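Chain by chain, the residues:
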Amino acid sequence: MRSRRVPATAIAMALSAATLAQGIAHADPRPRDIAVGTRLAARTNPAVQLIGMSYSGTVMVPSPVPTAAFTALFAKAEKHAKAGRIPADHQSQIKWVLRTASRNVGKYLVPGKPARKAATEVSSICTGWWITPDGYMVSGAHCVATDNTLLRQRFAELALPKVIEADVRGFLKSVAEFAQPDDGMAKLARTLFTAYDLKAMRVTGVRKRLAVKMHDGKGRISVRALGLVAKGSDYPGVDFALLRMKGARNLPTLSLGRDGDVRVGDHLYISGFPGITVFNATLDERSRMYPSLTEGAYNVKRTTVSGVPYLQAQAPSYGGNSGGPVFSKEGKVVGTLIAGARQVDGADTENASFVLPVGVIRKRLAAAGVTPVMSETSKVYDAALDDYFAGRNSRALERFHRVRELYPAHPYVGAFITELKSSR
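Structure report, in brief. (Residues numbered from 1 in each chain as written. Predicted model: local features only at pLDDT ≥ 70, side-chain atom pairs only at ≥ 80, totals over all residues. Heavy atoms only, no water.)

Residue placement: Ser378 occurs in helix H12 (residues 376–390). Within polar-contact distance, the side chain of Ser378 engages the backbone nitrogen of Thr253 at 2.9 Å. (Helix = DSSP H or I, 4+ residues; strand = E, 2+ residues; numbered from the N terminus. Polar contact = N/O pair within 3.5 Å; in protein donor to acceptor, adjacent residues only side chain to side chain.)

Here you go:
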């Protein structure tokens with residue numbers, strides 16, 4: 001989801017399983033009235049993962065070579081000055097040359113040698129969630145591929161500023177003996193060379209990488225490669241993607257609901273990794289790796305111009321949340337978060353999100369031959385949480401140990417075990 005700023009006021013944030021495990025709910029006996037969001041976050045967080053997409057390549061920009069037509073512009077500028085059509089000073093004449101050349105860059109500047117090269121990587125983050133214990137994951141189509149036009153733009157944004165500034169400095173130095181460069185001349189030269197460098201730029205050796213960043217159960221963060229299995233089309237199409245991490249077993253998974261599980265007015269819960277926290281340097285890396293939960297009402301079901309149904313929810317979402325699961329209060333997945341209202345129409349709309357319904361997701365999974373499976377890890381973990389919230393410490397501890405046996409890299413179970421042992 002393309003990043004944007006959405007006010008965070010009046011957000012009902014549920015406590016995450018990480019918060020619980022870190023010792024907020026230590027009172028014993030525990031309160032029986034546990035908030036819906038608290039239970040839901042505790043159950044679902046282990047299966048929600050931060051995923052990343054990156055494109056690496058080499059940006060090449062041939063040096064700009066002035067044509068005879070460009071050289072002739074200086075003589076024309078002098079004639080215009082003598083005729084009184086432009087000011088007579090050399091600064092004004094050079095500025096006229098730059099303005100004129102900018103209107104038809106290809107006529108006045110052509111590619112030459114040497115080519116400037118810069119190794120560049122374009123990256124973005126999204127959210128994904130495990131649907132089978134052997135590594136199948138659901139996310140959004142726009143999270144796993146970028147169209148060529150946008151990709152070229154992203155490469156240009158990262159690689160060209162230094163090249164452009166070098167071209168500007170070179171030009172200003174070449175005319176310094178005739179006229180004193182000023183801010184206006186520098187601005188016009190920047191316009192000219194920006195247009196040239198954008199047109200002449202080439203990107204070679206492009207490689208794409210999809211990966212999931214996850215806890216390893218020992219306090220460290222690991223990065224594992226993901227393969228793309230199936231992909232829909234970006235919003236307003238079926239914004240769905242199916243990924244696979246090879247060599248996985250006993251992963252925590254989520255349970256799919258049905259389209260009829262929620263109605264207009266029901267509360268929906270969105271889980272994911274907003275960029276406002278993932279890229280927050282004031283937070284340590286481990287804490288940034290816990291998903292955030294937001295909630296809001298299901299407003300209405302809409303249909304896009306592509307004929308795809310989407311749920312509109314009054315729940316906050318941010319860049320990075322895309323691809324994340326959306327839950328009913330029972331903890332069943334009822335859709336995938338795809339976009340916020342501002343990403344759709346550019347307006348400043350607060351707390352509006354668009355969700356691809358679970359019925360569409362089920363159809364895409366079936367087409368790919370993938371059957372959602374509730375893993376044994378999640379079954380035992382959910383039972384352990386029930387015991388934990390009910391204050392049945394001994395039974396909870398026994399089951400949490402079983403979770404660790406099934407899936408040693410479980411990101412939350414260790415903290416629960418530590419807490420329950422210390423409460424004895």
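For the rest of this paragraph, the subject is the packing of aromatic side chains. Inspection of the entire model under this criterion finds eleven aromatic pairs. Pairing Phe70 with Phe74 gives two aromatic rings, centres 5.6 Å apart and planes at 80°, and the pair type is edge-to-face. Of this pair, Phe70 and Phe74 both sit in helix H3 (residues 68–82), separated by four residues, roughly a single helical turn. Under the relative-accessibility criterion, Phe70 is labelled buried at 6%. By relative accessible area, Phe74 is classed as partly exposed at 30%. (Phe/Tyr/Trp six-rings, centres within 6.5 Å; stacked < 30°, edge-to-face > 60°. Buried < 20%, exposed > 50% of the residue type's maximum accessible area, 1.4 Å probe, protein only.)

Bringing the state of the cysteines into the picture now. Enumeration over the complete set of coordinates arrives at one disulfide. Covalently, Cys126 is tied to Cys143 through a disulfide, its sulfur atoms 2.2 Å apart. Across the disulfide from Cys126 to Cys143, rotation about the S-S bond amounts to roughly -75°, and the bridge is consequently left-handed. Remark: Cys143 occurs in the loop between strand S3 (136–139) and helix H6 (148–175) and Cys126 occurs in strand S2 (residues 109–130); sequence separation between them is 17 residues. (Disulfide = S-S within 2.5 Å.)

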